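# Summary of structural features
This is what each chain is made of:
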Amino acid sequence: MAADEGNWKIRRVLHPHDLTRDRILLPMWMVREFVLIHLDQEIVRAIDSGAGYEVTVMDVDDNTQHQLSLVKKNGSYVLRGGAWRQNFVDRKQLKEDDVLGLNWDARLSVFTLTLLTKENQANEPEEVVLISSDSDDNQIDTELRLNPPGQ
């Protein structure tokens, strides 16, 4: 697991649909704030149109690289394809409530990814992002940010 959890801009508490489908949902505001601002407008248009943009995801825990597609689908951003389940969920033995950290490295144009905590056993409270989707992954209904008390 990552030694310094504070440096990861995008944090994702894994939900069952992240583990059973070949994609991971990313919080929209985090993608906009930490990724899209670093990309050319033509690439952003491809992502937002649903065509997607192929990105490299570097798993810093075991120094492996994987190709996924960043795409906006039904109002949410997802990293999909590239055998997400096989290359991440199965290989890292990810479970519901594990927390992944991601960063966009604008210099290299790659995502870096790490497993921050297993089963959400962090030492300090984190922001919780609730994302709702229907059973066949066609509609993203809501995205709600809840901050821990005192923040």
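Note that the structure is a prediction, hence the values are computed from the model and not measured.

Per the secondary structure count, the chain includes 4 helices and 9 strands. Helices (α) and strands (β) of the chain occur, in sequence order from the N terminus, as β-α-β-α-α-β-β-β-α-β-β-β-β. Across the 151 residues in the chain, those meeting the buried criterion constitute 44%. Put simply, 56% of the contacts in the chain that link residues at least 6 apart link residues at least 24 apart. Total accessible area on the chain is roughly 8000 Å²; 45% of this is exposed by carbon and sulfur atoms.

Turning to its location among the elements, Asp-18 is positioned in helix H1 (residues 16-20). For Asp-18, a relative accessible area of 0% puts it in the buried group. Sequence separation between Asp-18 and Leu-94 is 76 residues; the distance between their C-alpha atoms is 9.6 Å. Residue contacts for Asp-18: discarding those within four places in its chain leaves Arg-12, Val-13, Arg-23, Ile-24, Leu-25, Trp-84 and Val-89. In this structure the side chain of Asp-18 is engaged in a polar contact, spanning 3.2 Å, whose partner is the backbone nitrogen of Leu-25.

Spatial ordering of the open sheet is given by E1-E6-E7-E3-E4-E5-E2, a layout of 7 strands whose pairing is mixed. Here the strands that pair on one side only, and so sit at the sheet edges, are strand E1 (10-13) and strand E2 (23-26). In this sheet, neighbouring strand axes are inclined to one another by 30° on average, regardless of whether the strands run parallel or antiparallel. Sheet strands in contact with helix H3 (residues 41-49) are strand E3 (53-59), strand E4 (64-73) and strand E5 (76-80), and its direction is about 70° off that of E4.

The next subject is the confidence of the model for the chain. Considering every residue of the chain, the mean pLDDT works out to 82; 75% of them sit at 70 or more. Ranking the elements of the chain by mean pLDDT puts strand E9 (residues 140-146) last, at 49, and H3 first, at 97. Every residue in residues 122-126 scores below 50 in pLDDT, and together they form 7 contacts with partners more than four places removed in sequence or on other chains. Across residues 139-143 the pLDDT falls below 50, and counting only partners more than four positions away or on other chains, this stretch makes 22 contacts in the model.

On to the packing of aromatic side chains, then. Applying the stated rule across the entire model yields 3 aromatic pairs. Centre to centre, the rings of Trp-84 and Phe-88 are 4.8 Å apart; their planes meet at 25°, and the pair counts as stacked. Remark: Phe-88 and Trp-84 occur in helix H4 (residues 84-90); sequence separation between them is 4 residues, near one turn of the helix. Residue Phe-88 is classed as buried on the basis of its relative accessible area of 0%.

Burial along E2 is two-sided: Arg-23 and Leu-25 and Ile-24 and Leu-26, pointing in opposite directions, are all buried. Note that E2 and E5 share 4 bridges and pair antiparallel. Residue Leu-26 lies in a different strand from E5, and its bridge partner there is Tyr-77.

Note on placement: Arg-107 falls in the loop between strand E6 (99-105) and strand E7 (110-117). The spacing of Arg-107 and His-38 is 69 residues in sequence and 9.2 Å in space, taken between C-alpha atoms.

For the rest of this paragraph, the subject is the side chain of Thr-114. Mapped onto the elements, Thr-114 comes out in strand E7. Of the polar contacts made by the side chain of Thr-114, one reaches the side chain of Asp-61; its length is 2.5 Å.

Rules used throughout
Residues numbered from 1 in each chain as written. Predicted model: local features only at pLDDT ≥ 70, side-chain atom pairs only at ≥ 80, totals over all residues. Heavy atoms only, no water. Helix = DSSP H or I, 4+ residues; strand = E, 2+ residues; numbered from the N terminus. Buried < 20%, exposed > 50% of the residue type's maximum accessible area, 1.4 Å probe, protein only. Contact = heavy atoms within 4.5 Å. Areas by Shrake-Rupley, 256 points an atom, 1.4 Å probe, with all protein chains shown as cover. Polar contact = N/O pair within 3.5 Å; in protein donor to acceptor, adjacent residues only side chain to side chain. Pairing = 2+ DSSP bridges. Axes fitted to C-alpha atoms, helices over the stretch in contact; angles between N-to-C directions. pLDDT = per-residue confidence, 0-100. Phe/Tyr/Trp six-rings, centres within 6.5 Å; stacked < 30°, edge-to-face > 60°.

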